[in-house]
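# Working through the structure, step by step
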Amino acid sequence: MAIGNKTTSDLAKSVLLKLGVIRAEGTPKSVDAEFVKNTYSLKFLELENDGLVYWEEALIPDLVFLSLVKIMSFECGPEFGIERDEGLLTDGIDSLRRIQTRKTTDEPVGIQNF
């Protein structure tokens, strides 16, 4: 199975779907999509500061995509009249931590010859 990347537009659409703002075949209003993207930019900086980011902001790995949808649904929900669900945030952050832990423990160790 090939692993790819999603875009911030993919993220915005998935978040708006999860929140029930649009239907599966629907197209997000540009103002709604931009709100999600702008919120993601700010959240990205926070996640990066917490050591949970290993990707470029605009190229979201498939591996973390669903975790980000949960986190961003939590962050953006109130803007669309949706009460925040702490479980979404907790699940998303915990998943990112597990992924980051696996990524750092799977990295090769450099050997220095003296």
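For the structure, check the block above.
Residues numbered from 1 in each chain as written. Predicted model: local features only at pLDDT ≥ 70, side-chain atom pairs only at ≥ 80, totals over all residues. Heavy atoms only, no water.

## Examining the packing of helix H2 (residues 30–49) against helix H3 (residues 62–76)
- Interaxial distance between H2 and H3 falls to 10 Å at its minimum, and their mutual angle equals 110°. Taken together, the axis directions place H2 and H3 in an arrangement best described as roughly perpendicular. At the point where H2 passes H3, the crossing takes the right-handed sense. In contact with Phe35, Val36, Thr39, Tyr40, Lys43 and Leu47 of H2, H3 contributes Leu68, Ile71, Met72, Glu75 and Cys76.
- Of the residues belonging to the contact of H2 with H3, the class tally is eight nonpolar, one polar and two charged. (Axes fitted to C-alpha atoms, helices over the stretch in contact; angles between N-to-C directions. Helix = DSSP H or I, 4+ residues; strand = E, 2+ residues; numbered from the N terminus. Parallel < 35°, antiparallel > 145°, perpendicular 65-115°, else oblique. Left-handed = near helix turned anticlockwise from the far one by under 90°. Contact = heavy atoms within 4.5 Å. Nonpolar A, V, L, I, M, F, W, Y, C, P; charged D, E, K, R; others polar.)

## Quick word on the packing of helix H1 (residues 8–18) against H2
- The geometry of H1 relative to H2 is characterised by a closest axis approach of 9 Å and an angle of 110° between their N-to-C directions. Considering the angle they form, H1 stands roughly perpendicular to H2. Note that H1 runs across H2; the crossing there is right-handed. On H2, the residues that touch Thr8, Ser9, Leu11, Ala12, Val15 and Leu16 of H1 are Asp32, Ala33, Val36, Lys37 and Tyr40.
- Looking at the contact of H1 with H2, its residues break down into seven nonpolar, two polar and two charged.

## Quick word on the side chain of Ser67
- Mapped onto the elements of the fold, Ser67 is located in helix H3.
- Under the relative-accessibility criterion, Ser67 is labelled buried at 7%.
- Setting aside chain neighbours within four positions, we find Ser67 in contact with Gly92, Ser95, Leu96 and Ile99. (Buried < 20%, exposed > 50% of the residue type's maximum accessible area, 1.4 Å probe, protein only.)

## Regarding a negative patch on the surface
- A contiguous patch of negative charge on the surface is contributed by Glu83, Asp85, Glu86 and Asp91.
- Looking at where Asp85 falls in the secondary structure, it is placed in the loop between H3 and helix H4 (86–105). (Patch = residues over 30% accessible without salt bridge, like charges linked within 9 Å, V, L, I, M, F, W, Y side chains within 5 Å. Areas by Shrake-Rupley, 256 points an atom, 1.4 Å probe, with all protein chains shown as cover. Salt bridge = Lys/Arg side-chain N within 4 Å of Asp/Glu carboxyl O. Lys, Arg positive; Asp, Glu negative; His and termini not counted. Charge placed at Lys NZ, Arg CZ, Asp CG, Glu CD.)

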